[in-house]
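# Tertiary structure, described
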Amino acid sequence: MINVDLLLINPPFHTRNGSGSFFPLGLGYIISSVIDHGYTWNVVDCTKMIHSFYETELLNFEEEFFSELKKYSPVIIGIGPCITSQLRALKVISNCCRKAFPTIPTIAGGPLTLIEGQEWLFYDNLGFDYIIRGDGEFAIPDAIKAIKETGEIENSAMLSKRGCNILNEIDDIDTLLFPYRGLHNGDVFSTRRSTVNTLQNQAAMITSRGCPYSCNYCVSGNRMAKKKVRKRSANNIILEMEDLNNKCGINDVIFYDDCFFSNTKTAAADIKLFCDTLLEKELHR
Ligand code: B12
Ligand code: SF4
């Protein structure tokens, strides 16, 4: 039996034809923070177990996932990043967690938790105990601390539960540790893009949180949960690029921001500052 403070479950998804997958940056950020707080963690990566949501695959998934879960003895279970398209698999995950660990708190997180009025989905439909809305880096260690130091997860002030919605937003995202990338084995650094006939490893990065616009259909905009837009400084972004280059030999980065330069009034100056800093560091080799 493996004892862990945090057991993370990365939900699977129905992959598109030819679509790749990489370990979610959100979980990478949470793992870095959990390590920094001195807690232990592990991940059950369900994207490795199933690639479609056909009934037969879901049944096989249930069996494999349940036997994997039974290897662990966690303090809390974190499920996510949850998004709408994973609902069928999330149902299987929640049933298995309940069966394997009837008394261990289950906490879901990810973009889906930010859609107003959908909380019933987590509590009534999926049967999770808590959700973390917004940033998970401080909220997860806080929940672990509450249980380990007081014996009561309810002493954590950052968890949302039935009838109580809390939004966690870290103002200065430059202060966050870079995402843990120790689980990014080959499949994460996508080899889909190639240059001069050689496959090139690629890493994903995110340099902002939120989007200033309010499209009705989108969870990233500020209409949802009145989120603030937060951006990393050019220096901080380029520091991570240098880190990826030095430690992993990466020279191809894909930015997954909703809006990389979103402020139309300052965009020209922001782009110039970013490019100048990049050129100064000679990362363009
Ligand atoms: C990169 C990305 C992808 C990549 C890779 C996904 C991956 N494995 O990481 C690819 C291209 C494969 C992809 C595919 C799809 N994506 Co996508 N994707 C994104 C994108 C642009 C960035 C994700 C990211 O890295 N964010 C940065 C991290 C730091 O933020 P985060 O993930 O939210 O994590 C933080 C918190 O949410 C929380 N948290 C996250 N996980 C957990 C877990 C726990 C336990 C806890 C407590 C907290 C927690 O803490 C984290 C740190 O603060 C987002 C938009 C966005 N801005 O987030 C869309 C987004 C997640 N995708 C979306 C969609 C719809 C899809 C697709 C369904 C598209 C399609 N039609 O095929 C597919 C399905 C994939 C799937 N997993 O099911 C939607 C989901 C909306 C929704 N209603 O749920 C989003 C939000 C875009 C949007 N604005 O609409 N996607
Ligand atoms: S991320 Fe794109 S679609 Fe979503 S609110 Fe912003 S501009 Fe609209």
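Residues numbered from 1 in each chain as written. Chains lettered and ligands numbered in written order. Predicted model: local features only at pLDDT ≥ 70, side-chain atom pairs only at ≥ 80, totals over all residues. Heavy atoms only, no water.

## Quick word on the overall build of the chain
Rule in force here: Strands here mean DSSP runs of E at least two residues long; helices mean DSSP runs of H or I at least four residues long; both are numbered from the N terminus. Atoms considered for the radius of gyration are the C-alpha atoms alone. The globule rule reads 2.2 Å times the number of residues to the power 0.38. The cut-offs for exposure are 20% and 50% of the maximum accessible area for each residue type, with area from a 1.4 Å probe on protein chains only; residues under the lower value are buried, those over the upper are exposed, and the others partly exposed.
Across its full length, the chain holds seven helices and twelve strands. Compactness check: the chain gives a C-alpha radius of gyration of 19 Å against a globular reference of 19 Å for 285 residues, within 12% of the reference. In terms of overall dimensions, the chain has C-alpha extents of about 55 × 40 × 40 Å along its principal axes. Counting all 285 residues of the chain, 45% fall into the buried class.

## Topic: the domain arrangement of the chain
Accessible area lost upon the coming together of the parts serves often as the stated size of an interface. This is how the line gets drawn: Residue ranges for the domains trace back to a domain assignment, done automatically or taken from a database. Note on definitions: buried area is the accessible-area loss of two parts on being combined, 1.4 Å probe, summed for both. Salt bridge, as applied in this entry: a Lys or Arg side-chain nitrogen positioned within 4 Å of an Asp or Glu carboxyl oxygen. Residues are grouped as follows: nonpolar covers Ala, Val, Leu, Ile, Met, Phe, Trp, Tyr, Cys and Pro; charged covers Asp, Glu, Lys and Arg; every other residue, Gly included, is treated as polar.
Once the domains are mapped, the chain shows domain 1 (2-168) and domain 2 (189-280). Between the C-alpha centres of domain 1 and domain 2 there is a distance of 26 Å. Summing both partners gives a buried area of about 1,100 Å² for domain 1 against domain 2, and 60% of it is carried by carbon and sulfur. If you sort the residues of domain 1 by the area they bury against domain 2, Leu-25, Tyr-29 and Leu-114 come out on top, with a joint share of 39%. Our count for the contact surface shared by domain 1 and domain 2 stands at three salt bridges. Among the residues making up the side of domain 1 that touches domain 2, the classes are represented as seven nonpolar, two polar and four charged.

## A word on the site of ligand 1
Basically, it comes down to this: In these notes, residues near a molecule or strand are those with any non-hydrogen atom within 4 Å of it. Any pair of N or O atoms that falls within 3.5 Å is considered a polar contact. Within protein, one atom must be able to donate a hydrogen and the other to accept it, and sequence-neighbouring residues count only if both atoms are side-chain atoms.
Looking at ligand 1, there are 36 residues lining it, with Phe-13, Thr-84, Glu-137, Ser-220 and Asp-258 nearest. Measuring from an oxygen atom of ligand 1, one finds a backbone N or O atom of Gly-136 at 3.0 Å. Listing elements by their share of the shell around ligand 1, those giving two or more residues are α1 (25-36), β3 (72-79), β4 (106-109) and β5 (130-134). Ranked by residue count, the leading element in the shell around ligand 1 is α1, at five residues. Its residues assigned to classes, the shell around ligand 1 comprises 20 nonpolar, eleven polar and five charged. Both domains that furnish three or more residues to the shell around ligand 1 are identified here as domain 1 (2-168) and domain 2 (189-280).

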